[in-house]
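# Fold and contact review
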Amino acid sequence: MIWLHRIEDWLVTKPRRADLAAVLMLTVLWMFYFWRALTPNVADQVSYPTGDFSGQFLAFGAYQARRLLAGEIPLWNPYNYAGHPFLADTQAAVFYPPRLATIFISHFTGGWTYTALQAEAVAHYWLAALWMYLFVRTITRSRVAGLVSALTLTYGGYLTGYPPLQLAILEAGIWLPLSLLAVHRASAGGYWHIGWLAISALGLGLSLLAGHPQTTLFFTYVLIAYLIHRAAQQHIGWLSTSIALVGTLGLGYGLAAVQLLPGLEYMRLTVRADLGFEALAGGFPFGDLISLVIPNVVTLWSPLYSGIAALALAGVAIWRGRESARFWGIVALTALVLSFGGETVLYRLTYLIAPGFSWFRGQERAAYVIAHSVAILAGLGTATLREGGFEGRSLSRVLGIATLTAWAFALEAFVVSRIADTETASQLHHAAFFLAVLVTLTWLIIGRSAQAAAQPWWAAAIAALVVFDLFSLTWKTNWEPIPARERVLYNERLVAVVQQDRGLFRVDGRLGLGGNYGTMLGIQDIRGISPLRLNTLERYLTRLPQFRLHQILAVKYVFTDWTQLEVPSTIVASAPEGYVTANLHRLDTPLPRAWMAYYVMASPDEAQQLGWLADPSFDPRTTVTLAQEPNLDLPAELPQGARVAVEEYRPERITLHVETPADGILVLSEWDYPGWQATVDGQPAEILRVDAGLRGLALKAGRHEVIFIYRPLTFSIGIAISAVVLGLLAVGIALGWQQGRRAQP
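Read on for an overview of the structure.

Calculation notes
- Residues numbered from 1 in each chain as written.
- Predicted model: local features only at pLDDT ≥ 70, side-chain atom pairs only at ≥ 80, totals over all residues.
- Heavy atoms only, no water.
- Helix = DSSP H or I, 4+ residues; strand = E, 2+ residues; numbered from the N terminus.
- Contact = heavy atoms within 4.5 Å.
- Areas by Shrake-Rupley, 256 points an atom, 1.4 Å probe, with all protein chains shown as cover.
- Phe/Tyr/Trp six-rings, centres within 6.5 Å; stacked < 30°, edge-to-face > 60°.
- Axes fitted to C-alpha atoms, helices over the stretch in contact; angles between N-to-C directions.
- Parallel < 35°, antiparallel > 145°, perpendicular 65-115°, else oblique.
- Left-handed = near helix turned anticlockwise from the far one by under 90°.
- Nonpolar A, V, L, I, M, F, W, Y, C, P; charged D, E, K, R; others polar.
- Salt bridge = Lys/Arg side-chain N within 4 Å of Asp/Glu carboxyl O.
- Buried < 20%, exposed > 50% of the residue type's maximum accessible area, 1.4 Å probe, protein only.
- Pairing = 2+ DSSP bridges.

### What about the overall build of the protein chain?
The number of helices and strands found in the protein chain is 27 helices and 15 strands. For the C-alpha atoms alone, the extent of the protein chain along its principal axes is close to 100 × 70 × 50 Å. Looking at the protein chain alone, contacts between residues at least 24 apart form 75% of all its contacts between residues at least 6 apart. In the structure as shown, the protein chain presents an accessible area of about 31,600 Å², 61% of it carried by carbon and sulfur atoms.

Now the structure itself:
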């Protein structure tokens, strides 16, 4: 063991090198954990499964890359949900810096691919480990504690569970330790340091730009609580603390205003706006508490699992009253109770009084806060043991009892597995035995050897135990042994037929296209899987018969396993799709993207309008529904010779040439959405809401040039605010740096 002491002596005398060595160790472990995703050997490669990772984030990233590399800002996306405001869909993460870096790098390394997005996800684990190490290393002054916390968070059940598949959750969540570190450093002198507060705001802003507001909501509440906690610890006045709090939150949210303001506008018009308590209050069933100690048995993911050693170390920190331990214990307990959703009175109270909690469903995502709190507590417990002076007999007894209990449970599970002989019983049997092994090792290292915690071999042993625990149980949670480049995302045969058609049309891609792959391929689909979709589309999908839906949304091709549709169509291609055969129907008489109508049915009640549209006798080619009668001299009989031509079609600009022999209503099969503006012959024109959701214009007889342009005011205001805040953050960080240099001797 002499060599361990020599290494420790060398690291103590070279603290910067010691931190670099710790970061290098974290990097090596990160590469080892993800080696099958990083290896060039195709036979060993794994990849994340298809689903939201590919159908949502890969597809949106492809569109984002295509537009940004062309020098365009993707404000509108015509390729899914019959069009939707792309920037306003927060999960698109249009201005998230790591996404921009991925797009830039991939442009020179083969283009936007499954592998590129997967590399972005994997890189965020390295960042998560780095930020947590720096935070806990700072608050404990222990590199071993920092390593334990970093490993616990990064490779625990939460971060390796569903967050990488719901990529915005992973990317929005990793910035919390950076903001906490900045708050800790900002308050270290007994006053608020402006530069560090600016860095804390920067971390919050990056979380918001990553595109999962619910995760950032948890982030925000933890940040507020920790800032107040630090003010109390450092005896900082409440006035300056209030200013620091408001300033940090204001700058953080202001940095993301370019995305937040369009997102808030979009949110109120989506299906999420109508969700009530029952839809939002879901959370963990109480039985999932077992995953605190036994993962991967009762659930596909085990977000509550942080490791057996981490739980023991967290208990040490709370037991010994380590500084800030009770704070993080209360945070973890509060989040755990909230994670059960409406099953507890705490969530019902929070739903009523806490801003933001009535906006989001899936309260089990409070596991984000639990995972961070337990990881920090594990580091605090490690530092407590390393500092010595801890009587380990009681701890050894407790862990000894836990060891005996774990082995008794393992033996019982073994007997049950032999009697029941089911897959679940077998899984429980294996998990119980591994739990017993882990508890035994925890007893030996943390319980029996607590007095030797200051020794270098103990530091190596505790890190090895955490690695053995988490790397054994979580490394294969989501990975499948399929190379990323071999992933089949859609029915290539059917898609190829559609891509040969150069016309302007939409498809119904529910079988064979699916996901948001229309966005990736440039095929205009009326469906998608983004969690945010317009209420207007939802009403169309649920209240209109399929033939009418296809008619007024200008659908030409339908991907389905049906052999016959409600209207005349021709099957132009077929291909296997899972256990069925997918057929590509081409409708015989699809509607164009825009047309003139001369008859009006008026009602301010959109439900009534949808009822008219659903009537098979209603003819959308000649008749429109409006909230009120237009100020036009409409003809008594249907005129002949009207002509509407789409001369230019781009996501944010549509130009049409119209010839109409009589006054009428121009119908454009595009959503009526805030931010769209229209001109007729160069003059501003009022956009009418026709057919309970589409865009229309009242036109006089004659020839007209009609232009629709998407210029959302929310984007203009948001980008101005974000630019100002970015400048303020740069100034704040620069001033803080200069202030720090002047304070040095």
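Next, the rest of the story.
### Looking at the packing of aromatic side chains
Counted according to the given criterion, the structure contains 41 aromatic pairs. Judged by centre distance (5.8 Å) and plane angle (75°), the rings of Tyr162 and Trp301 are edge-to-face. One end of the pair, Tyr162, is in the loop between helix H7 (143-155) and helix H8 (167-173); the other, Trp301, is in the loop between helix H14 (277-280) and helix H15 (308-319), with 139 residues separating them in the sequence. Aromatic pair Tyr221 and Phe357: ring centres 5.6 Å apart, planes at 50°, arrangement tilted. Taken together, the residues Tyr221 in helix H11 (residues 213-234) and Phe357 in the loop between helix H17 (345-353) and helix H18 (367-386) connect sequence positions 136 residues apart.

### Some details on the packing of H11 against helix H16 (residues 325-338)
The angle between the axes and the distance between the axes are what describe a pair of packed helices. Between H11 and H16, the least distance of the axes is 12 Å, while the angle of their chain directions is 155°. Classified by the interaxial angle, the pair formed by H11 and H16 is roughly antiparallel. Taken as a pair, H11 and H16 cross one another with a handedness that is right-handed. From H11, Val222, Ala225, Tyr226 and His229 reach across to H16, where they touch Phe327, Trp328 and Val331. In the contact of H11 with H16, the residues fall into six nonpolar, one polar and no charged.

### Comments concerning the pattern of salt bridges
Summed over the entire model, instances satisfying the criterion amount to 21 salt bridges. For Glu120, the salt bridge identified is with Arg99, shortest N-O distance 3.0 Å. One end of the pair, Glu120, is in helix H6 (residues 114-140); the other, Arg99, is in helix H5 (residues 97-107), with 21 residues separating them in the sequence. Summarising the burial analysis for this pair, Glu120 and Arg99 share the class buried. The partner of Arg593 in a salt bridge is Glu670, and the shortest N-O contact between them spans 2.8 Å. Taken together, the residues span a long stretch of sequence, with Arg593 in the loop between strand E4 (580-587) and strand E5 (594-597) and Glu670 in strand E10 (residues 664-671) at a distance of 77 residues. Taking relative accessible area as the criterion, Glu670 reaches 2% and is therefore assigned buried. When salt bridges with common partners are traced through the structure, they connect Arg539, Glu606, Asp672 and Arg689 into a single cluster.

### Observations regarding the sheet that holds strand E15 (residues 702-710)
Strand order in the open sheet formed by five strands is E8-E9-E15-E11-E12, and the pairing between neighbours is antiparallel. Looking along the sheet, the strands with just one partner apiece sit at the ends: strand E8 (643-650) and strand E12 (683-685). For this sheet the average axis-to-axis angle between neighbouring strands, irrespective of direction, equals 25°. Relative to strand E9 (residues 653-660), E8 is paired through seven bridges, and the arrangement is antiparallel. Paired with Arg643 across the bridge in E9 is Glu659.

By themselves, these are just geometric observations and shouldn't be taken as functional.
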